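Close look at the chain arrangement
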Amino acid sequence: MMSTKAELICGALRDFNILPSKMDLLITRYMKLQDHRVSLNGNVEYTSEAESVDALFRSVYGYYNIDYPKFFKMDNLCKLAFLSAEILLQDTDFLQKYPGEQIGIILENASSSLEYDRKHQESIRDRNQYFPSPSVFVYTIPNIMVAEIAIRHKVKGENTVFISEQFDPELIYHYVSELFRNQRVSCCLSGWIECYGDHYQSFLFIIEQEDKIKRFKGLQEYVILNTLNMEELYKGKSI
Amino acid sequence: MIEDLILKLKKEIIEELNVENITPEEVDADAPIFGEEGLGLDSIDALELVVLLDKNYGIKIQASKEGPKIFRSVKTIAEYILEHQKK
């Protein structure tokens, strides 16, 4: 059940017409990958002792028995986004419940694709050794992490990546709410996927519309989508 | 000589194109390198191979239509290198 605090906040938002009265948006599943731990719906599923980000992502890939050779060609930002989506969607029926065109992916991060932007810059700095790598260049845009998820899961709906200094739940709330209100999406993957050097953090969740949810296996409670609840989940607090 | 070049190419392709879970010895030099068979390379990998030939062997491929013939297998790449390095 939702906590009293969350209900009160949600009610207050509705009173101010911030939430539509007959259409609550719900976070129906969420995951986090940070501090070498993977958690799903608040429960830690996997902890790694890996000594590098590369090794960590490989260990997560192995732990979840993922079989997708293209994973190894991705940059770390895409690996993180890809793994997060795999963990979030594994053993669920989200992709069967909604047509691909009605599933959106709205993400945020702080460093954009800076790691590979710099790698690309290194490869073109010396005009006498000018060998830009196509497989590096392709990752010099943060939206490619959305593309990797979309290709893997045949998701074809609205998508974008916002660059923000820190996790901005208000932006997600307003943008995603608008997509639902305009019937551009029926389901949305959203959250924070940040990776630069040794620092990485993912917080990915699924948003669905209350009236579309009939049954969901394995999760007894839903979290109403609002900025406070997103902030609380992001910080690791229970709702 | 071509055997040495084929082995070198296999190592370069595995390393530079991040091909996982296969050793140079396991790569069939005659097998197609694109698609589901062989190494399963894709279009970005094809561009990467063009760069590899330029960077490591000083060979520039000017006509894109030559690509499918040159990059059919590791052996055809090796043959193309030997042919063009002689010139």
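Here, every reference points to the structure presented above.
The residue numbering used here restarts from 1 in each chain and proceeds along that chain's sequence as written. Here every chain gets a letter starting at A, and every ligand a number starting at 1, in the order they are written. Local features in a predicted model are, by the rule used here, given only for residues with pLDDT of at least 70; side-chain atom pairs are given and counted only at 80 or more, and totals for whole chains, interfaces and linings are based on all residues.

**Section: the overall build of chain B**
Helix and strand definitions follow DSSP, with helices as H or I runs of at least four residues and strands as E runs of at least two, each counted in order from the N terminus. When its secondary structure is counted, chain B shows four helices and zero strands. Both definitions apply: the radius of gyration is a C-alpha atom measure, and the globule rule equals 2.2 Å times residues to the power 0.38. At 12 Å, chain B has a C-alpha radius of gyration in line with the 12 Å of a compact globule built from 87 residues. Considering only C-alpha atoms, chain B reaches an extent of 35 × 30 × 20 Å along its principal axes. Exposed residues have 12 or fewer other C-beta atoms within 10 Å of their own C-beta, buried residues have 20 or more, and partly exposed residues fall in between, where C-beta atoms are placed from the backbone. For chain B, the residues scored as buried account for 23% of the 87 residues in total. Contact between two residues is assigned when their C-beta atoms, built from the backbone, lie within 7 Å. Taking as baseline every contact in chain B between residues at least 6 positions apart, the subset at least 24 positions apart corresponds to 53%.

**Things to note about the overall build of chain A**
When you go through chain A residue by residue, the secondary structure sums to nine helices and eight strands. A buried classification covers 35% of the 239 residues belonging to chain A. Excluding contacts between residues fewer than 6 apart, the proportion of contacts in chain A whose partners are at least 24 apart in sequence is 68%.

**With respect to the environment of N143 of chain A**
Positionally, N143 of chain A belongs in the loop between α6 (134–137) and α7 (144–153). Separated by 36 residues in the primary sequence, N143 of chain A and L107 of chain A place their C-alpha atoms 8.8 Å from one another.

**Some points on the environment of I149 of chain A**
All names here are of chain A. Structurally, the position occupied by I149 is in helix α7. Linking I149 and A85, residues 64 residues apart in sequence, is a C-alpha distance of 6.8 Å. Ignoring sequence-local partners within four residues, the contact set of I149 consists of A81, F82, A85, I105 and V155.

**Overview of the pairing of strand β4 (residues 103–109) of chain A**
All names here are of chain A. With seven of seven residues buried, β4 lies mostly within the body of the structure. Residues I103, I105, L107 and N109 of β4 are buried on one face, and the alternating residues G104, I106 and E108, pointing to the opposite face, are buried as well. Pairing between strands requires that DSSP locate at least two bridges from one strand to the other. Bridge count for β4 against strand β5 (residues 159–163) is five bridges, and the pairing is parallel. When the sheet's bridge partners are listed, N109 is paired in β5 with I163.

**Some points on unusual backbone geometry**
Of note in this structure, D91 of chain A is not a glycine but carries a positive phi near 60°. Along the polypeptide, D91 of chain A turns up in the loop between α3 (76–89) and α4 (94–97). Positioned with a positive phi, N18 of chain B is a non-glycine residue whose angle comes to about 50°. Within the fold, N18 of chain B resides in the loop between α1 (2–16) and α2 (43–57). N18 of chain B sits in the partly exposed class, given 16 other C-beta atoms within 10 Å.

**Here we look at the nonpolar core**
Under the definition applied here, buried Ala, Val, Leu, Ile, Met, Phe, Trp, Tyr and Cys residues are grouped into a nonpolar core through C-beta atoms within 7 Å. One finds L80, A81, I193, L204 and I207 of chain A to be the most contacted residues of the largest nonpolar core, which totals 58 residues. No other element matches α3 of chain A, which puts ten residues into this core. When neighbours within four sequence positions are excluded, L80 of chain A is seen to be in contact with L33, F57, I193, C195, Y200 and S202 of chain A. Counting 16 residues, the second-largest nonpolar core is a separate cluster that includes I13, L17, V27 and I70 of chain B.

**Structural notes on the packing of helix α2 (residues 53–63) of chain A against α3 of chain A**
Residues and elements named next belong to chain A. Where α2 meets α3, the closest approach of the two axes is 11 Å, and the angle between their N-to-C directions is 25°. As summarised for this structure, α2 and α3 are arranged roughly parallel, according to the angle between their axes. Both α2 and α3 take part in a crossing whose hand is left-handed. Seen from α2, the contacting residues are V53, F57, V60 and Y61; seen from α3, they are N76, K79, L80 and L83. Classifying every residue of the contact of α2 with α3 gives six nonpolar, one polar and one charged. Throughout, an axis means a line fitted to C-alpha atoms (over the contacting stretch in the case of helices), and angles, computed between N-to-C directions, take values from 0 to 180 degrees. In what follows, roughly perpendicular refers to angles from 65 to 115 degrees, roughly parallel to angles under 35, roughly antiparallel to angles over 145, and oblique to any angle outside these ranges. Crossing handedness is defined as follows: a turn of the near helix away from the far one that is anticlockwise and smaller than a right angle gives a left-handed crossing, while the clockwise case is right-handed. Three residue categories are used. Nonpolar comprises Ala, Val, Leu, Ile, Met, Phe, Trp, Tyr, Cys and Pro, charged comprises Asp, Glu, Lys and Arg, and polar comprises the others, including Gly.

**So, the pairing of strand β1 (residues 25–34) of chain A**
Residues and elements named next belong to chain A. Of all ten residues in β1, nine are buried; the element is thus mostly enclosed. In this structure, β1 lies alongside strand β7 (residues 199–209), joined through eight bridges in antiparallel fashion. Bridged to M31 within β7 is L204. Alignment of β1 against strand β2 (residues 37–40), held across four bridges, turns out to be antiparallel.

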